[in-house]
Each structure stands twice: as structure tokens, then as C-alpha cells.
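Residues per chain are reported as follows:
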Amino acid sequence: CRFNRALVRTPAASAVDGLRAVDRGAPDVAELRAEHAAYREALATAGVAVELLPALEAFPDSVFVEDPALVFAPGAILLRPGAPTRIGETAEIAPDLRLRFPVVLAMTGPGYADGGDVLVTPDTVYVGLSARTDRTGAAELCDLLAEFGYRGIAVEPPAGVLHLKTACSLVADDCVLATRAVADARLFDGLDVLVVPDGEEAVANALRVNETVMIADGFPRTRALLEERGYSVTVLKLDEVMKLDAGLSCMSLRW
Ligand code: CIR
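Residues numbered from 1 in each chain as written. Predicted model: local features only at pLDDT ≥ 70, side-chain atom pairs only at ≥ 80, totals over all residues. Heavy atoms only, no water.

**Focus on the pairing of strand S8 (residues 152-155)**
Examined bridge by bridge, strand S7 (residues 125-128) and S8 share four bridges and lie parallel to one another. The residue of S8 that forms the bridge with Val127 is Ala154. In the classification by handedness, the crossover that spans S7, the intervening helix H3 (residues 135-147) and the parallel S8 is right-handed. (Pairing = 2+ DSSP bridges. Helix = DSSP H or I, 4+ residues; strand = E, 2+ residues; numbered from the N terminus. Right-handed = clockwise from strand over helix to strand, strands pointing away.)

Have a look at this one:
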């Protein structure tokens with residue numbers, strides 16, 4: 001599928017207070033903003049028109065616009081992020097989505113779902129259960145997906161990752177790049193799985209946009225593996241982004 005547009009948000013100065021499972025220090029905000037600027041540039045080079053929303057200081061993790069909403073060409077779904085400090089991000093982004101999409105559906109709860117747990121493939125939308133996405137939320141999201149004609153199914157990723165897409169990403173319509181643990185869990189029927197070399201698990205949150213696969217810098221064996229398979233790879237420095245347990249897909253909504 002092709003993407004024409006992307007929505008991103010400037011990292012807030014409050015990103016130093018962003019959630020992180022293991023504290024490897026606060027991100028340097030100037031450097032985080034530089035990484036974000038390079039990311040926007042890479043999206044534009046891949047052929048999408050990038051729109052930049054203003055920083056939200058009240059929400060330290062709001063640069064990760066993927067989590068409060070899910071977008072498709074025909075419409076958007078407002079989600080209910082599972083972290084208490086993030087649930088308010090939905091109301092912030094809702095007007096921006098209503099301006100851009102003819103149909104905007106919304107989860108009403110009581111369940112929760114983060115966009116980072118949602119892997120969209122051409123015929124199935126996989127919703128990973130996690131500390132942020134519970135069974136009730138996944139079931140409500142699957143019902144809303146059905147209104148758009150998509151088949152949503154809940155899957156149980158192996159423990160130890162924040163989101164489903166922390167450990168896998170779609171790199172072609174029929175191929176997922178995944179950690180060994182996700183590959184072994186056999187979550188996806190009918191898709192090829194390209195396994196990330198041991199020791200490079202943190203690269204699994206790649207982002208395919210049109211003809212380009214973006215990956216984080218510092219994972220040479222994965223880069224070589226993708227290039228051998230014929231992918232056109234763009235490498236981006238993400239050191240500050242990764243301090244906040246985030247990666248490439250988290251920073252945009254694409255459609
Ligand atoms: C959080 O814990 O919510 C943020 N620090 C990171 C969110 C990453 N988002 C994503 O994987 N979609």
C-alpha cells in the first residue's frame with residue numbers, strides 16, 4: 001500500500017519526563033528534536049506530505065502520535081492509550097484528525113489500546129495484548145476496525161516488550177521483520193518473517209514507507225540482511241528516541 005500523508009508532532013521540552021521502563025537517562029531535547037527533524041525529512045523523501053503539529057508540554061510522550069490514534073485512508077479511530085499520563089493525548093489529536101478524515105470513530109472504553117500495539121497488514125490488523133492494550137480494548141478496537149471493513153485479531157506477543165511493534169514491523173505487504181521471540185510465537189499467518197540477527201532486537205521497530213525501509217542506526221547486520229533481500233534502507237540516528245522506549249513507527253500517523 002502507498003502512503004501519501006503523515007502527521008507528526010514536535011517533541012515537547014517535557015520529553016525529559018517521558019515514560020521509560022529502564023532509565024538510561026533523560027533524552028537531550030535539542031538532540032531529540034534533531035532526530036525528529038531528520039525523521040520528517042526521511043518521510044518527505046519517501047514521498048509523503050508531512051504535517052507538523054505543535055508540541056504539547058502537558059504530555060511528555062506526545063511526540064509518539066502513533067499511540068492515541070489509528071489512521072487509514074477512509075478514516076481514523078481514536079484510541080484509549082493505556083498509560084494514565086497518555087490517555088489525554090487522544091482529546092488533543094482528535095480535532096486534527098476530524099479536520100483531515102471524513103469519518104472518525106472512537107473507542108469509548110472501558111478498555112485500552114495503544115497504536116504501538118497495532119500492526120496493519122493488507123488483509124489483517126493484528127492487535128497485540130500488552131501492559132497498555134487489554135483484552136477489552138482489543139475487542140472494542142476490532143469491532144471498530146470491522147466498521148471500516150478490516151479484519152482485526154488480538155494476538156499475544158511474547159513478554160518483555162512495551163508494544164507489539166517494539167518487536168516487529170511490516171517491511172513489505174507480505175513480510176514482517178521480527179525478533180526471534182516474535183517469530184517463534186508464530187503470530188502472523190501467511191506472512192514471511194525475516195528474523196532480526198541476535199543482539200540486534202532493538203532494530204525490529206522499522207518503518208516501511210513506500211519504497212523505503214527506515215531503521216535505526218547501529219544495527220549493521222540487519223541493514224545488510226534487508227539490503228541483501230533487495231530493500232532500499234534508510235538509516236536514522238535514534239539514540240534519544242530510544243531512551244524513551246520508542247522507535248520509528250511511533251513518531252507518525254501515516255495514510
Ligand atoms: C511510552 O512509554 O508510552 C513512550 N515512552 C514510548 C511510546 C512508544 N510508542 C510506540 O511504540 N508506538
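**A few points about the sheet that holds strand S14 (residues 232-236)**
On the basis of which strands lie adjacent, the open sheet formed by three strands has the order S12-S13-S14 and mixed pairing. Both edges of this open sheet fall to strand S12 (207-209) and S14, since each of them pairs with a single strand only. Averaged over all adjacent pairs, the angle separating strand axes in this sheet is 30°, with direction ignored. Bridge count for S12 against strand S13 (residues 212-216) is three bridges, and the pairing is antiparallel. Residue pairing in the sheet places Arg208 in a bridge with Val213 of S13. Along the sheet, helix H1 (residues 29-45) contacts S12, S13 and S14; its crossing angle with S14, the most-contacted strand, is approximately 165°. (Axes fitted to C-alpha atoms, helices over the stretch in contact; angles between N-to-C directions. Contact = heavy atoms within 4.5 Å.)

**A word on empty space enclosed by the protein**
The final tally for this structure, using the stated rule, is two cavities of 30 Å³ or more. Taken as a whole, the largest cavity spans an internal volume of roughly 100 Å³. If you go around the largest cavity, the residues you meet are Leu19, Asp61, Phe64, Asp67, Arg86, Arg132, Leu162, His163, Leu244, Asp245, Ala246 and Cys250. Grouping the amino acids of the lining of the largest cavity by side-chain chemistry returns six nonpolar, one polar and five charged. Looking at the second largest cavity, its volume works out to about 30 Å³. Lining the second largest cavity are Arg9, Leu56, Ser62, Val65, Pro68, Glu89 and Ile93. For the lining of the second largest cavity, the class distribution of residues is four nonpolar, one polar and two charged. (1 Å grid on protein atoms, 1.4 Å probe; cavity = no way out; pocket = protein on both sides within 12 Å on 5 of 7 lines; lining within 4 Å. Points joined across faces, edges and corners; volume = space filled by probe spheres on them. Nonpolar A, V, L, I, M, F, W, Y, C, P; charged D, E, K, R; others polar.)

**Brief notes about the pairing of S7**
Side chains Val125 and Val127 of S7 all project onto a buried face; the interleaved residues Tyr126 and Gly128 project onto the opposite face, where all are buried too. As consecutive antiparallel partners, strand S6 (residues 118-120) and S7 are separated by four residues. (Buried < 20%, exposed > 50% of the residue type's maximum accessible area, 1.4 Å probe, protein only.)

**As for the site of the ligand**
Of all residues adjacent to the ligand, which total 14 residues, the nearest are Leu19, Arg86, Arg132, Leu244 and Cys250. One of the backbone N or O atoms of Leu19 is found 2.8 Å from a nitrogen atom in the ligand. Interatomic distance of 2.8 Å between a side-chain N/O atom of Arg86 and an oxygen atom of the ligand. Protein burial of the ligand: of its 340 Å² of free accessible surface, 99% is covered by the chains. The cavity that encloses the ligand is the largest cavity. Residue composition of the shell around the ligand, grouped by class: six nonpolar, two polar and six charged. (Near = heavy atom within 4 Å. Polar contact = N/O pair within 3.5 Å; in protein donor to acceptor, adjacent residues only side chain to side chain. Areas by Shrake-Rupley, 256 points an atom, 1.4 Å probe, with all protein chains shown as cover. Sits in = over half its atoms within 2 Å of the grid points.)

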